[in-house]
Amino acid sequence: METMEQLYEKDKFTSSVTQTSWKPLIRQMFVGSGVILNFLIYGLFFGATTVFVPQIRKQANSTEAISTETMSWLLSSPSYGALPWTLILPIIAERYGRKVPYIILWIVTFGCVLLFYFSTSVTELLISGFLFGMNAAIILTVAVMVLTEYMSPNYRGIFLTFKSATFFWGVWISNAIGTFYHWKNIGILMFICCIYNMSTILWPESPVWLATKGRFEECAKYHRWLKGDGKDSEEELKQLIYSQKENLRRKQEHQLNKKQKHRVIELYNSIIAKGFYTPLLFCLLTICLYYFSGKLACTGYVIDIIKTITLSESTAYGGMLILDGVTVLGMYIGVFLNKFLKRRTLLLGSSSIGAMFLFILSTYLYLVHLKVILENKYLTLFILAGFSVTISCGPMVMCFCLASEMTPVKCRSLFLGVYALLTNAVAAIALKNFPYLFHYFNSHGSFLCCAITSSVFISILYKVLPETKNKTILEIEKCFSDKNNVSKEEVELLNLNKVCD
């Protein structure tokens, strides 16, 4: 059997000229910008719903032009449309590579943008929303793979930070355009972004995926093209090639020594494993904390909410832009605090403060409803801003961070597919039903419901959520496993995951 060094030297491409340090960064920015731009496009579309609904109503001089029921479908349609794609995209990425899903996404998004811009009815807008579901699905599946497999460890944090905030940058920009101009101008900006995303066809394939398929020469070639041929990059490539050759060897031996199982049974056994469903349950709890806190719903229905409370349309539009701004600011604060605080501390602490703001807002609005005190628009916006900042720097940032860390080494594509399916289902339920909550319980009752549900999820997470900061993937995985020791194969898988994840 060949030694590790022989396996590596066989696949190593010699480079006559050492790459300068800035070239790998430029090439990674080329790939990363395409991924991040899709977050911006999705944010632009999500924010567009907030502003085109009142414009269409005003143009028709009737609120019945788009009813509350229709608006709830418009906002939740991408999440519902994402449900089938959350299972399809990981399969495509596993079989055909990380590049193919993004080429398909570009074609679908281009069609969605054209339909959005040239739409003449609400039905066409609704169809474009369902088609945008592919964008919502890829954010939680293939985008995670691309940003962890194509990026060097030194730059990965920067791209992940931009990824987290870019969606809400898109919402903010979209709302600003819709506040001062006609809403179809948002479609022009999305079209420009789509033109740039034609560059997806020029991407190299993921070195990690090429290694898993046994295409080691191409893996070495594109790994050096993306990350250079420095000492750290070569060591990363060395571990990647060795680990994947060992994995392929074990897989072949395993297939020869066991009876062929039905694929459905294998999937079932993977899902019922404690190391799979336990971290998935924790991820789902953090997602529920975020969505049922009402933050995303408040972003989508912000104009109607503020207009109902303050009885002022100008305050509603101004408050919308202010809350969008503090949301983006809160996310950057969360990224900064994440460097110093533990994951549990940041998530539970900020969520608790956010729930406190919700209780205060509910009490204040109830007193206004009883006419005990007079409504003050500045105080209302201040409390809403406090709620937005705390939820933005906590659950909004941490739920996806924790999901990335708790994703098991084995069955990664399956885990991300199920996680994305559940996440979009929860988002769709929250966005679809919030208007009815607001209608039947008024503003004070709605925020009280959000405060109570947030408190329930905070209490559960306080009891069960493990700390993941400064722990290796294997240490985190052991928290969810019945086994007290780790096999040699798991250690080798960990080495690959530490390189690529």
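Keep in mind it's a predicted model, so treat the numbers as computed, not measured. For every chain, the first residue of the written sequence is number 1, and numbering continues from 1 along that sequence. Under the rules for a predicted model, residues below a pLDDT of 70 receive no local features and side-chain atom pairs below 80 are neither given nor counted, while totals for whole chains, interfaces and linings still include all residues. Remark: hydrogens and water are excluded; side-chain values derive from all non-hydrogen atoms of the structure.

Asks: How would you sum up the overall build of the chain? Please name residues and give values.
Replies: Going along the chain from the N terminus, every DSSP run of H or I of four or more residues is numbered as a helix, and every run of E of two or more is numbered as a strand. Scanning the chain for helices and strands turns up 23 helices and zero strands. A burial count over the chain gives 54% of its 501 residues as buried. Whether two residues touch is decided by their heavy atoms; if any such pair falls within 4.5 Å, the residues are in contact. If you take every contact in the chain between residues at least 6 apart in sequence, the share linking residues at least 24 apart comes to 83%. Computed with the Shrake-Rupley method and a 1.4 Å probe, the accessible areas treat only the protein chains shown as cover for residues. Roughly 22700 Å² of accessible area belongs to the chain as shown, and the carbon and sulfur atoms make up 65% of that amount. Whether a residue is buried, partly exposed or exposed follows from its accessible area with a 1.4 Å probe, protein chains only, as a fraction of its type maximum: under 20%, in between, or over 50%, in that order.

Asks: Hey, could you go over the pattern of salt bridges for me, with residue numbers and the actual values?
Replies: Note on definitions: salt bridges are taken to be side-chain nitrogens of Lys or Arg within 4 Å of carboxyl oxygens of Asp or Glu. Going through the model one piece at a time under the given rule, you end up with six salt bridges. With a shortest N-O distance of 2.9 Å, Glu-149 and Arg-98 are connected by a salt bridge. Residue Glu-149 is found in helix α7 (residues 142-149), and its partner Arg-98 is found in the loop between α3 (68-96) and α4 (99-117); the two are separated by 51 residues along the sequence. Across the pair, exposure class does not vary: Glu-149 and Arg-98 are buried alike. As a salt-bridge pair, Arg-215 and Glu-218 come within 2.8 Å of each other at their nearest N and O atoms.

Asks: Quick rundown of the nonpolar core? Include the residues and the values.
Replies: Within this scheme, the nonpolar core is defined by two criteria: the residues are buried Ala, Val, Leu, Ile, Met, Phe, Trp, Tyr or Cys, and they are joined through side-chain atoms within 4.5 Å. Within the largest apolar cluster, 127 residues are counted, with the highest numbers of intra-cluster contacts made by Phe-52, Tyr-102, Met-190 and Phe-447. For this core, the element with the highest residue contribution is helix α21 (residues 412-464), accounting for 17 residues. Residue contacts for Met-190: discarding those within four places in its chain leaves Ile-41, Leu-44, Phe-45, Val-113, Phe-116 and Phe-132. Ala-211, Phe-216, Cys-219 and Leu-240 belong to the second largest nonpolar core, which has ten residues in total.

Asks: Explain the side chain of His-223 to me, and be specific about the residues and the numbers.
Replies: You can see His-223 is positioned in helix α11 (residues 216-227). You can call His-223 buried: its relative accessible area is 1%. Here a polar contact means two N or O atoms within 3.5 Å. Within protein one must be a hydrogen donor candidate and the other an acceptor candidate, and residues neighboring in sequence count only if both atoms are side-chain atoms. A distance of 3.5 Å separates a polar atom in the side chain of His-223 from a polar atom in the side chain of Glu-236.

Asks: Explain the packing of helix α17 (residues 313-338) against helix α20 (residues 395-406) to me, and be specific about the residues and the numbers.
Replies: At a minimum axis separation of 9 Å, α17 and α20 run at an interaxial angle of 50°. The pairing of α17 with α20 is recorded here as oblique in orientation. Here α17 contributes Thr-327, Met-331, Val-335 and Asn-338 to the contact with α20, which in turn contributes Met-396, Val-397, Met-398 and Cys-401. Note on residue classes: Ala, Val, Leu, Ile, Met, Phe, Trp, Tyr, Cys and Pro are nonpolar, Asp, Glu, Lys and Arg are charged, and everything else, Gly too, is polar. Tallied by class, residues from the contact of α17 with α20 come to six nonpolar, two polar and no charged. Comment: axis = line fitted to C-alpha atoms, over the contacting stretch for helices; angle = value between 0 and 180 degrees taken between N-to-C directions. Note on terminology: angles under 35 degrees are roughly parallel, angles over 145 are roughly antiparallel, angles of 65 to 115 are roughly perpendicular, and the others are oblique.

Asks: How would you explain the state of the cysteines if you had to name every residue and give the values?
Replies: Disulfides are defined in this document as cysteine sulfur pairs within 2.5 Å. Summed over the entire model, instances satisfying the criterion amount to zero disulfides. Between Cys-449, a cysteine without a disulfide, and Cys-450, which holds the nearest cysteine sulfur, the sulfur-to-sulfur distance is 6.9 Å. Cys-449 sits in the partly exposed class, given a relative accessible area of 27%.

Asks: Describe empty space enclosed by the protein, and please don't skip the residues or the numbers.
Replies: If a probe the size of a water molecule is rolled over the atoms, the empty space left behind becomes visible. Cavity: a set of points on a 1 Å grid over the protein atoms alone where a 1.4 Å probe fits but cannot get out. Pocket: an open set with protein on both sides within 12 Å along at least five of seven lines, its lining residues, like those of a cavity, having an atom within 4 Å of a point. Grid points are joined across faces, edges and corners, and a volume is the space filled by probe spheres set on the points. By the definition in use, this model includes three cavities of 30 Å³ or more. In this structure, the largest cavity encloses a volume near 100 Å³. Lining the largest cavity we find 13 residues, and of these Cys-298, Thr-299, Val-302, Leu-323 and Ser-388 sit closest to its centre. For the lining of the largest cavity, the secondary-structure elements that each account for two or more residues are α15 (295-300), α16 (302-310), α17 and α19 (377-393). A class-by-class count of the residues in the lining of the largest cavity yields eight nonpolar, three polar and two charged. In this structure, the second largest cavity spans a volume of roughly 40 Å³. Looking at the lining of the second largest cavity, the elements with two or more residues in it are α2 (22-60) and α4. Of all the elements, α4 adds the most residues to the lining of the second largest cavity, at four residues. In terms of residue class, the lining of the second largest cavity is made up of five nonpolar, four polar and no charged.

Asks: Talk me through the packing of α7 against α21; I want residue IDs and the actual numbers.
Replies: Between α7 and α21, whose axes approach to 10 Å, the crossing angle comes to 135°. With respect to α21, the element α7 is oriented oblique. Contact with α7, carried on its side by Val-144, Met-145, Thr-148 and Glu-149, involves Arg-412, Ser-413 and Leu-416 of α21 and no other residues of that element.

Asks: So what's going on with helix α6 (residues 133-140)? Which residues, and what values?
Replies: The element α6 is largely enclosed, with a buried count of eight among its eight residues. Buried residues of α6: Gly-133, Met-134, Asn-135, Ala-136, Ala-137, Ile-138, Ile-139 and Leu-140, and no others.

Asks: With reference to specific residues and values, describe α3.
Replies: Here the expected span of a helix is defined as 1.5 Å times the quantity of residues minus one. An ideal rise of 1.5 Å per residue puts 42 Å on 29 residues; α3 measures up with 42 Å between its terminal C-alpha atoms. The axis of α3 is deflected most strongly, by about 50°, at Ser-76, and proline Pro-78 appears within four residues downstream. In the segment just after α3, Gly-97 is the residue with positive phi, at about 105°. Throughout, bend refers to the angle between the axes fitted to the seven residues that end at a position and the seven residues that start at it.

Asks: Pulling in residues and values, what's your account of the confidence of the model for the chain?
Replies: One number per residue, pLDDT, summarises how confident the predictor is, and it ranges from 0 to 100. A residue-level look at the chain finds 87% of positions with pLDDT of 70 or above and a mean pLDDT of 84. Looking at the elements of the chain, mean pLDDT is at its lowest for helix α1 (residues 4-11), recorded as 44, and at its highest for α4, recorded as 95. Scored below 50 in pLDDT, residues 1-20 shows 36 contacts in the model against residues more than four places distant or in partner chains. Every residue in residues 484-501 is under pLDDT 50, and counting partners more than four places away or in other chains gives 38 contacts.

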